[in-house]
Amino acid sequence: MEIENFMNSSSQSNVIYRYLDLLAERTVALEQRVGVDEIRQLRRENRELRDQLVRLDRPAMESLLVFLPVIYRNFWGTVRPDELAQLAGFLDVPVIPSPYPEPGAAIVAAMKKRFLQLPEQERASLIAFCRQLPYQLTVRAEMRALLEST
């Protein structure tokens, strides 16, 4: 009975409705804040995934060091190690002996086989890198078909 009397009192019901309104407003604010935090988290994860994709699409420096001198004649006579690091997006500059000896026909043939055995993604990444090099480089005849095939 006392609850009914309490609820029937107009001043009491105003207090209750005001309390319920405040509770609803706080609930909405909390839901919005949680939503904003989730959106921020999703954006951060999206940015990290995009960064990972960029790193995946970029060939490893080791692959560049191994294959570029085999693909191009006199590669190190044209491209400085610091320029390669910059183009490839690496902070560490590789140490290349000077003069760098040109690989012989047997090495080029062996490296061509090794290149063909690379996973498709890695091969495609190397070829894409070669295509964007801003130098006038001479592709070895043995490697020309590999660069033109994709």
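All figures in this text were calculated on a predicted structure; none of them were measured in a lab.

### Some words on the overall build of the chain
Stage number 1. From N to C terminus, the chain includes 8 helices and 2 strands.
Stage number 2. Along the chain direction, N to C, the helices and strands of the chain fall in the order α-α-α-β-α-α-α-α-β-α.
Stage number 3. Buried positions account for 25% of the 150 residues belonging to the chain.
Stage number 4. Counting only contacts in the chain whose residues sit at least 6 apart along the sequence, the fraction spanning at least 24 positions is 70%.
Stage number 5. Element-wise, carbon and sulfur atoms account for 56% of the exposed surface of the chain, whose accessible area totals about 11000 Å².

### Overview of a nonpolar patch on the surface
Stage number 1. Taken together, the side chains of Y17, Y19, L20 and L23 define a hydrophobic patch exposed on the protein surface, amounting to about 460 Å² of accessible area.
Stage number 2. Secondary-structure assignment places L20 in helix α2 (residues 10-57).
Stage number 3. When its relative accessible area of 42% is taken as the criterion, L20 is described as partly exposed.

### Digging into the packing of aromatic side chains
Stage number 1. A complete count under the given rule lists 4 aromatic pairs for this structure.
Stage number 2. Ring centres of W76 and Y100 lie 6.4 Å apart, and the angle between their planes is 65°; on these two criteria the pair is classed as edge-to-face. With a gap of 24 residues between them, W76 in helix α4 (residues 75-78) and Y100 in the loop between α5 (81-88) and α6 (105-117) connect regions that are remote in the sequence.
Stage number 3. Residue classification places W76 among the buried positions, given a relative accessible area of 14%.
Stage number 4. Members of the aromatic cluster, each reached through a chain of ring pairs, are Y72, F75, W76 and Y100.

### Brief notes about the environment of L146
Stage number 1. Within the secondary structure layout, L146 lies in helix α8 (residues 141-149).
Stage number 2. Owing to a relative accessible area of 11%, L146 belongs among the buried residues under this scheme.
Stage number 3. Sequence separation between L146 and F115 is 31 residues; the distance between their C-alpha atoms is 9.0 Å.
Stage number 4. With residues near it in sequence (within four places) discarded, L146 still touches K112, F115, L116 and I127.

Criteria and cut-off values
- Residues numbered from 1 in each chain as written.
- Predicted model: local features only at pLDDT ≥ 70, side-chain atom pairs only at ≥ 80, totals over all residues.
- Heavy atoms only, no water.
- Helix = DSSP H or I, 4+ residues; strand = E, 2+ residues; numbered from the N terminus.
- Buried < 20%, exposed > 50% of the residue type's maximum accessible area, 1.4 Å probe, protein only.
- Contact = heavy atoms within 4.5 Å.
- Areas by Shrake-Rupley, 256 points an atom, 1.4 Å probe, with all protein chains shown as cover.
- Patch = residues over 30% accessible without salt bridge, like charges linked within 9 Å, V, L, I, M, F, W, Y side chains within 5 Å.
- Salt bridge = Lys/Arg side-chain N within 4 Å of Asp/Glu carboxyl O.
- Phe/Tyr/Trp six-rings, centres within 6.5 Å; stacked < 30°, edge-to-face > 60°.

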